[in-house]
Amino acid sequence: MGRNLLIRHKQAGATLVIALIVLSVLMVLGVSAAMMANTQLKMAGNLQFENLAKNRAENQLVAAEVFLKNSGGAALHPGFITWASATKELHPKGQLTMTDPLKMSSADWLNNATGEEGYMIELLVAGQLAEDPNKGSAANAVVGLGNQPSGCNSVNLFRVTARGVSGRGAVRFVQSIHEVTSC
């Protein structure tokens, strides 16, 4: 009889140990799942901030292109002839204070653009003649002269860089090349 009691006690203790091990494994899985869900939530939030910054940069790009369209193609805006702090976002050819707007610090960007979330316009080519595109001019290859109004024989080519900012420090840039005909 004494022997049966010893066996029963050993079995009861083994069940307790196995139950604790299973409970520990389930706890680790639960904590891991909660941490992973939290990380995914943060990633989704960051992606939302990045998309917001990109949308704001695209809005600034449109504002710059509207400025170029409304400033008139026949004559260059005075800001593209001589840089001035009053029109700090307009840069004559080769006179940008830093070579690459995408690498500017926030302070440099503020000194050269319409604002922290704004745009800058660089004159790339002024008064490029609209000759036969088969002659190999790089500007003509970029501009694409197929839809020029008759009588327009010159184009000004601009690079527009726009910057969008959102919460948590998300910053996005968008660039485009824009042409304005000079008739």
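Residues numbered from 1 in each chain as written. Predicted model: local features only at pLDDT ≥ 70, side-chain atom pairs only at ≥ 80, totals over all residues. Heavy atoms only, no water.

Some details on the environment of Leu102
If you trace the backbone, Leu102 turns up in the loop between strand 1 (90–91) and helix 2 (106–112). Sequence separation between Leu102 and Thr161 is 59 residues; the distance between their C-alpha atoms is 8.0 Å. Those residues in contact with Leu102, other than ones at most four positions away along the chain, are Thr161, Phe173 and Gln175. (Helix = DSSP H or I, 4+ residues; strand = E, 2+ residues; numbered from the N terminus. Contact = heavy atoms within 4.5 Å.)

Re the nonpolar core
Leu68, Phe80, Ile121, Phe158 and Val160 are the most contacted members of the largest nonpolar core, which totals 14 residues. Listing elements by their share of this core, those giving two or more residues are helix 1 (2–70), strand 2 (119–129), strand 3 (154–165) and strand 4 (171–182). If you tally residues by element for this core, the top one is helix 1, at four residues. Those residues in contact with Ile121 that lie beyond four places of it in its chain are Ala64, Phe67, Leu68, Phe80, Glu89, Leu90, His91, Phe158, Arg159 and Val160. Of all hydrophobic cores here, the second largest spans five residues; its members include Leu96, Met104, Ala113 and Met120. (Core = buried A, V, L, I, M, F, W, Y, C linked by side-chain atoms within 4.5 Å. Buried < 20%, exposed > 50% of the residue type's maximum accessible area, 1.4 Å probe, protein only.)

Brief notes about the confidence of the model for the chain
Detailed reading of the predicted coordinates is not advisable wherever pLDDT falls low. Of all residues in the chain, 74% attain a pLDDT of 70 or more, and the chain-wide mean is 80. Taken element by element, the predicted model of the chain shows its lowest mean pLDDT in helix 3 (residues 138–143) (43) and its highest in strand 3 (89). The model gives residues 132–146 a pLDDT under 50, and that stretch makes 18 contacts with residues more than four places away or in other chains. (pLDDT = per-residue confidence, 0-100.)

Considering a nonpolar patch on the surface
Taken together, Val17, Ile18, Ile21, Val22, Val25, Leu26 and Leu29 make up a surface patch of nonpolar side chains, about 650 Å² in accessible area. Note that Leu26 resides in helix 1. Here Leu26 falls in the exposed class, since its relative accessible area comes to 52%. (Patch = residues over 30% accessible without salt bridge, like charges linked within 9 Å, V, L, I, M, F, W, Y side chains within 5 Å. Areas by Shrake-Rupley, 256 points an atom, 1.4 Å probe, with all protein chains shown as cover. Salt bridge = Lys/Arg side-chain N within 4 Å of Asp/Glu carboxyl O.)

Examining the packing of aromatic side chains
By the definition in use, this model includes two aromatic pairs. Judged by centre distance (4.9 Å) and plane angle (45°), the ring pair of Phe80 and Phe158 falls under tilted. Placement of the pair is Phe80 in the loop between helix 1 and strand 1 and Phe158 in strand 3, with a sequence separation of 78 residues. Phe158 shares its class with Phe80; the two are buried. (Phe/Tyr/Trp six-rings, centres within 6.5 Å; stacked < 30°, edge-to-face > 60°.)

Some points on the environment of Ala170
Mapped onto the fold, Ala170 is located in the loop between strand 3 and strand 4. With residues near it in sequence (within four places) discarded, Ala170 still touches Phe49, Glu50, Ala53, Gly164 and Val165.

A closer look at unusual backbone geometry
Here Arg168, not a glycine, exhibits a phi torsion of approximately 60°, which is positive. With respect to the helices and strands, the residue Arg168 is situated in the loop between strand 3 and strand 4.

Describing the side chain of His178
Within the element layout of this structure, His178 appears in strand 4. Residue classification places His178 among the buried positions, given a relative accessible area of 19%. Every residue in contact with His178, bar those within four places of it in the chain, is listed here: Glu65, Leu68, Asn156, Leu157, Phe158 and Val160.

Some words on the pattern of salt bridges
Tallied over the full model, the rule gives three salt bridges. Arg172 is the salt-bridge partner of Glu50, the closest N and O atoms lying 3.3 Å from each other. Within this pair, whereas Glu50 is found in helix 1, its partner Arg172 is found in strand 4, the two being separated by 122 residues in sequence. For Glu50, a relative accessible area of 31% puts it in the partly exposed group. A salt bridge links Arg56 to Glu117, with the nearest nitrogen and oxygen atoms 3.7 Å apart. On the criterion of sequence distance, the pair formed by Arg56 in helix 1 and Glu117 in the loop between helix 2 and strand 2 is long-range, its members being 61 residues apart. The exposure class assigned to Arg56 is partly exposed, which follows from its relative accessible area of 33%. According to the relative accessible area criterion, Glu117 is partly exposed, its value standing at 29%.

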